[in-house]
Amino acid sequence: MRQHETDYLSLAAGLLFTVLGVLFAVSAATGWQIDGRWIAPTALIALGAGGVAASLAASRRQQRDAEALAAGSTESWPTDPFA
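Calculation criteria
- Residues numbered from 1 in each chain as written.
- Predicted model: local features only at pLDDT ≥ 70, side-chain atom pairs only at ≥ 80, totals over all residues.
- Heavy atoms only, no water.
- Helix = DSSP H or I, 4+ residues; strand = E, 2+ residues; numbered from the N terminus.
- Buried < 20%, exposed > 50% of the residue type's maximum accessible area, 1.4 Å probe, protein only.
- Polar contact = N/O pair within 3.5 Å; in protein donor to acceptor, adjacent residues only side chain to side chain.
- Axes fitted to C-alpha atoms, helices over the stretch in contact; angles between N-to-C directions.
- Parallel < 35°, antiparallel > 145°, perpendicular 65-115°, else oblique.
- Left-handed = near helix turned anticlockwise from the far one by under 90°.
- Contact = heavy atoms within 4.5 Å.

Asks: Pulling in residues and values, what's your account of the environment of Thr30?
Replies: As for its placement among the helices and strands, Thr30 is situated in helix 1 (residues 8-30). Exposure remark for Thr30: the relative accessible area of 56% places this residue in the exposed category. Separated by 2.7 Å, the side chain of Thr30 and the backbone oxygen of Val26 make a polar contact. A distance of 3.3 Å separates a polar atom in the side chain of Thr30 from the backbone nitrogen of Trp32.

Dropping the structure here:
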């Protein structure tokens, strides 16, 4: 399987909906009240943070590719996945 870049926006959305699902399940099981006024702003903040992370990752990736191209490397995938 080929390794691919992390999609931070999808990751943030998935985590957000998982957390909301767990909160609603706990709320239903324990009778704990969830204030609905906090859900939309929290969702927007989490998705915005994911968007910022995705744009920073894309910028870093483009810079790394440009540096590799300037150095004469034809390899488009780094050999060290943690670089």
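Asks: So what's going on with the packing of helix 1 against helix 2 (residues 39-70)? Which residues, and what values?
Replies: Running from N to C, helix 1 and helix 2 cross one another at 155°; their axes reach a closest spacing of 7 Å. When the axis of helix 1 is compared with that of helix 2, the two are roughly antiparallel. Relative to helix 2, helix 1 is oriented so that their crossing is right-handed. Between helix 1, through Tyr8, Leu9, Ala12, Ala13, Leu16, Leu20 and Phe24, and helix 2, the contact on the second element is made entirely by Ile39, Thr42, Ala43, Ala46, Leu47, Gly50, Gly51, Ala53, Ala54 and Ala57.

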